[in-house]
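Summary of the model geometry
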Amino acid sequence: MAVTDVAPGMRADERMRRAGLLRRLLNRPELGAAGGVVIVWVIFAVIAGDRGFLGTSGTASYLEVASELGILAVPVSLLMIAGEFDLSIGSIVGASGMAIALLDVQYHWPLWAAILAAVAFSLLIGFLNGLVVVKTRLPSFIVTLASLFIFRGVTIAVTRRITGRTELGGIDISSVRVLFAGHVDAYSASILWWLGIAVLATWVLLRTRVGNWIFGSGGAAEAARNIGVPVNRVKIGLFMTTAFAGCLLAIIDLVKFASADVLRGTQLEFQAIIAVVIGGTLLTGGYGSAVGAVFGALIFGMVQQGIVITGVDADWFQVFLGGMLILAVLVNSYIRRKAAEARR
Amino acid sequence: MPARKRLFWPAMIIALVMVVAAGCGSSKKSTSSSSGAKKTGIRIAVVTHGQASDPFWSVVKNGVDQAAKDTGATVTYQAPGTFDMVAMSRLIDAAVASKPDGLVVSIPDANALGPSIKKAVAAGIPVVSINSGSDVFQSLGVLTHVGQTEFEAGLGGGERMGAAGVRNALCVNQEVGNAALDLRCKGFTQSIQKAGGKVKVLSVNLANPTDTKQRITNAIRADSSIDGVFTLGPTGASPALSALQAANLLSKIKLATFDLSPDVLQAISDGKMLFAIDQQQYLQGYLPIVFLSLYKQFGLMPGGGNAILTGPAFVTKDNAAQVIDLSKKGIR
Amino acid sequence: MTAPATNGDLPLLEVDGISKYFGTVIALQDISMGVRAGEVMCVLGDNGAGKSTLIKILSGVHQPDEGHYLIEGEKVRFASPRDALARGIATVYQDLAMIPLLSIWRNFFLGSEPTKGWGPLKRFDVGFAQQTSRDELWKMGIDVRDTAQPVGTLSGGERQSVAIARAVYFGAKVLILDEPTSALGVKQAGVVLRYIVQARARGLGVIFITHNPHHAYPVGDRFTLLNRGRSYGTFAKVELSREELVQMMAGGRELEELSHELDEFAQADADGASGAEAEALQRAAQELGDEAKGS
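Given the structure is predicted, the values throughout are model-derived calculations rather than measurements. (Residues numbered from 1 in each chain as written. Chains lettered and ligands numbered in written order. Predicted model: local features only at pLDDT ≥ 70, side-chain atom pairs only at ≥ 80, totals over all residues.)

Here we look at the overall build of chain A
What counts is decided by this rule: Segments assigned H or I by DSSP are reported as helices when at least four residues long, segments assigned E as strands when at least two residues long, and all are numbered from the N terminus. Counting other C-beta atoms within 10 Å of each residue's C-beta, where C-beta atoms are placed from the backbone, gives the exposure class: buried for 20 or more, exposed for 12 or fewer, partly exposed between. Two residues qualify as a contact pair if the distance between their C-beta atoms, derived from the backbone, is within 7 Å.
Regarding its fold elements, chain A presents 14 helices and four strands. Buried residues in chain A amount to 56% of all 344 residues. Long-range contacts, defined as pairs at least 24 residues apart, comprise 81% of the intrachain contacts of chain A with a sequence gap of at least 6.

This is the structure we're talking about:
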């Protein structure tokens, strides 16, 4: 590493090959997940192609599952890159949906007003989640696990207290149907929402200051704080974003099914984390990608619906789901190691 | 060493793919290795809200499997892991995408499942509903419903309990949000009230029997004038039995339930339980397969647009022994 | 040494009689030192001498319980490290504030990202960041082939230099380095020392904290020695030879006292004890004395 007076880049370095496009692609965290998508699709195309996997309704059905999970997974990936977990997002889905239903059906608010109120409500509880994590310095895993129960419990208790029931149906959603649950052919509007959120998240992560701060907060929070990154604000903002995503999903489901129920969204937080990890984001934070979460959600959707289309007995469903997920993560891991070795 | 390490990951991946493929293959074989009628090539998809691990629904599945053997049809059975309507609608969508010759569904929540069922009907797939949804199936384009109407069954149960002298009852609901179960309690309540009594609904978590037993115990202790406990399924009945036994109140409090299980049948036989309402769910699994096979072949469909009732049938001390025998075989 | 003049000969940073207590523990007692522009001040001391407490006070993590902290003659009190950074006091810790999985250019600009555009379209100026980080590193003498590579692929010495280059670029006036060579091999350490010299040549004041006098002596202009929370004083290079420095650091004075004690012991015992024992004691005392004198 001698000091030279030749301008950088002009000296030929015998250790370096030209950094082509392929090399730069290999370095990306979502490469493994992309490989996983291809492999899973090929597997199901082979064993269930004639059973409907390749047809319109099959494709639309797994895209729908992927898009709904993806709406949650993309913001969750940003939060996990920043080093935190949000286990309460499933309960937020349930709570937001129920809030809209109660305001509309029980108190006769116009639907738009109820939706806006639920959005404000979800942003508030996201803010609270973030505030508690940041101020108490407790692991977010624990804090949001607690809010998972609190929010779900409040949803159930308040709904039963007010209505005596646990689901409210028959909501008139005609005014917003196209926006949230419209269809082109068999393909649902939630796919557009999902892709839009993914594009926005990727842009924020890779092309703005805030994105750099997200990486910094996850990679080395104390050190980042010391050089001027507003780590607390970043984390609270991200908790508000995941809560908002939960609310958006609740709205979409409410409009799709014209109803809300207190148990909606159960276990979605774990599915979202699985999709994010499949997509190449580390559980330890500081590294990952939103595009990876898109691929992860896609794999999840293909596996979940593909298994049913294949005709596998329900008893084996969970075994295969787990097996396919491990397969996807292994492929991911293998490709990442190959890429790292090639780089060295 | 390096060579072996490099082979590790590819080997793992290949092994997993083989396991998955083998599993897929074997599951397909399990539905086709029948010693019954010749395969007709008719494919029927069954999607219910009850997991095959639930003792009630495993009887339904046995009915489905036996009907598949007897008619030569190929049947798949799917259910969501928890009581999750969104997941169930996805299963219906996936089943519809595989273009079956017939679809059998339960409809615990018409609002949530309506769109998916309508999609199936629009795709030209004949649909038969079972178990829940007796009040909505017609509006969704479903051809017929095979099950028990909940309100009337609850009514019948309440009448019997009222006749036995019950005036202050607990109605234990283990699957809050299931419209059918709500109707059962409502029917029950109406009968008891008609007899001059009152009813309180206690909700419990079907997945946690210990907690259920605790809640029932607490409820009984809180109100000592309770003289009847009515549960809506075996997942509520077993803990209730256990709770009453532990509190030594079986002589004072009359216990009855919907649906059967080995514990329930034994308790009736021993005189600890007054009766159980059998909706004969084996028929709910068996009949739709037969109906859809015949529909596919000849266009025949019974019911006349109305529901075909499989219950209520009452199991009491008198016929308990025979039912116990059949229950061991997974038929009742 | 043509250092740009800053208020004459006023130290860029100075602490005057500071002390720090943690409960009943005296971490630092009456420490005074400072650094001028274009000068390297080495702070030396063995483990437990109080170096890490001192560095935390200088960088703004702790506040002194007694004494004053002065920046260019003006009394200051930093509430947080960010305040110190804003005044041009840049601290490079051993853990470097580098995120191994992140690219070099992202790490370089973390917390101070350049932007272009405004409003909702305000974006991270990636092109500028990549080019500038490459240029700045080259100015420090590192030709990084590809600034998009993760920082973790660099060696320890290279990472230190990226951290130093970052601090220099962002306008640090005083650079505080916390044991930068302690985890490095000989050649790597040499590389880092060279960057320290370059930083000095650019007019910064450098406070170089270390427990290794062989690293400190070549680059230092002045030396402050700490021992158990107290200072032995500050010495200019002309006042001190390398051997004297090493001796002071090894606790030379105490060893000499101990050797005298043992000598006396040996004498007293020789009158009563066996000859062999006394001889052994005297030999030990002799050895200690020699070590104290640095032979």
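Resuming the write-up.
Some points on the nonpolar core
How we decide: In this usage, the nonpolar core is the set of buried Ala, Val, Leu, Ile, Met, Phe, Trp, Tyr and Cys residues whose C-beta atoms join them within 7 Å.
Residues Leu 175 and Ile 207 of chain C are the most contacted members of the largest nonpolar core, which totals 225 residues. In terms of residue count, helix 11 (residues 231-257) of chain A provides more of this core than any other element does, 17 residues in total. Look past the residues within four positions of Leu 175 of chain C in its chain and what remains in contact with it is Ala 90, Val 92, Ile 164, Ala 167, Ala 199, Leu 204 and Val 206 of chain C. The next biggest cluster of nonpolar side chains, apart from the first, holds 44 residues, and it includes Val 172, Leu 232, Ala 256 and Ala 320 of chain B.

A few points about the packing of helix 8 (residues 234-246) of chain B against helix 9 (residues 262-270) of chain B
Residue and element names in this part refer to chain B. Heads up, the condition is: Here the axes come from fitting lines to C-alpha atoms, over the contacting stretch only for helices, and the angles between their N-to-C directions go from 0 to 180 degrees. Here is the rule for angles: anything less than 35 degrees is roughly parallel, anything more than 145 is roughly antiparallel, 65 through 115 is roughly perpendicular, and the remaining ranges are oblique. Take the far helix as the reference: if the near one is turned anticlockwise from it by less than a right angle, the crossing is left-handed, and if turned clockwise, right-handed. When residue character is reported, Ala, Val, Leu, Ile, Met, Phe, Trp, Tyr, Cys and Pro are called nonpolar, Asp, Glu, Lys and Arg charged, and the others, Gly included, polar.
Two numbers describe how helix 8 lies on helix 9: the axes approach to 9 Å, and their chain directions differ by 50 degrees. Relative to helix 9, the element helix 8 is oriented oblique. Considering the relative orientation of helix 8 and helix 9, their crossing is left-handed. Facing helix 8, whose interface residues are Pro 234, Ala 237, Ser 238 and Leu 241, helix 9 presents Asp 263, Val 264 and Ala 267. Per-class residue counts for the contact of helix 8 with helix 9 are five nonpolar, one polar and one charged.

A look at the interface of chain C and chain A
Between chain C and chain A, the residue contacts involve 26 residues of the former and 25 residues of the latter. Counting only elements with at least two residues in the side of chain C that touches chain A, the list comes to helix 2 (81-86), strand 8 (123-124) and helix 4 (126-139) of chain C. The biggest single contributor to the side of chain C that touches chain A is helix 4 of chain C, with four residues.

Some words on the pairing of strand 10 (residues 275-278) of chain B
Residue and element names in this part refer to chain B. To keep things clear, this is the line we draw: At least two DSSP bridges between two strands are needed for those strands to be called paired. Viewed with both strands pointing away, a crossover whose connecting path from the first strand over the helix to the second turns clockwise is right-handed.
Judged by which residues are buried, strand 10 turns out to be covered on both faces: Phe 275 and Ile 277 on one side and Ala 276 and Asp 278 on the other are all buried. As paired strands, strand 9 (residues 254-258) and strand 10 are joined by three bridges and run parallel to one another. Following the sheet pairing, Ala 256 is matched in strand 10 by Phe 275. For the crossover from strand 9 across helix 9 to strand 10, the handedness is right-handed.

Details of the packing of helix 3 (residues 56-81) of chain A against helix 8 (residues 190-207) of chain A
Residue and element names in this part refer to chain A. The geometry of helix 3 relative to helix 8 is characterised by a closest axis approach of 8 Å and an angle of 25 degrees between their N-to-C directions. Relative to helix 8, the element helix 3 lies roughly parallel. As for how helix 3 packs across helix 8, the hand of that crossing is left-handed. Seen from helix 3, the contacting residues are Leu 63, Glu 64, Ser 67, Glu 68, Gly 70, Ile 71, Val 74, Pro 75 and Leu 78; seen from helix 8, they are Ser 190, Ile 191, Trp 193, Trp 194, Ile 197, Ala 198, Ala 201 and Leu 205.

What about the environment of Asn 131 of chain B?
If you trace the backbone, Asn 131 of chain B turns up in the loop between strand 4 (127-130) and strand 5 (144-147). Taking C-alpha positions, Asn 131 of chain B is 7.7 Å from Gln 281 of chain B, a pair spaced 150 residues apart along the chain.

Quick notes on the sheet that holds strand 10 (residues 205-210) of chain C
Residue and element names in this part refer to chain C. Strand order across the open sheet formed by six strands is 6-9-10-3-11-12, with mixed pairing between neighbours. At either end of the open sheet lies a strand with only one pairing partner, and these are strand 6 (89-92) and strand 12 (230-236). Sheet twist, expressed as the average angle between the axes of neighbouring strands with direction ignored, equals 15 degrees. The strands touched by helix 6 (residues 186-201) are strand 3 (39-44), strand 9 (174-178) and strand 10; relative to strand 10, the strand with the most contacts, the crossing angle is about 155 degrees.

Things to note about the sheet that holds strand 10 of chain B
All names here are of chain B. Pairing is mixed in the open sheet, where six strands are placed in the order 7-6-8-9-10-12. Each of the sheet's edge strands pairs with one partner strand only, and the pair in question is strand 7 (198-203) and strand 12 (313-315). When the angles between neighbouring strand axes are averaged without regard to direction, this sheet yields 20 degrees. Relative to strand 9, strand 8 (residues 228-231) runs parallel, the two being bridged by four bridges. Pairing of Val 229 across the sheet is with Leu 255, part of strand 9.

What to know about the pairing of strand 1 (residues 43-47) of chain B
All names here are of chain B. With four of its five residues buried, strand 1 lies for the most part within the structure. Relative to strand 2 (residues 74-78), strand 1 runs parallel, the two sharing five bridges. For Val 47, the partnering residue across the bridge sits in strand 2 and is Gln 78. As paired elements, strand 1 and strand 3 (residues 102-106) share four bridges and run parallel to each other. Counted as the bridge partner of Val 47 is Val 105 from strand 3.

Observations regarding unusual backbone geometry
All names here are of chain C. Even without being a glycine, Glu 72 presents a positive backbone phi close to 50 degrees. Within the secondary structure layout, Glu 72 lies in the loop between strand 4 (66-71) and strand 5 (74-76). One non-glycine residue, Arg 228, lies in the positive phi region at around 50 degrees. The class of Arg 228 is partly exposed, set by 14 C-beta atoms lying within 10 Å.

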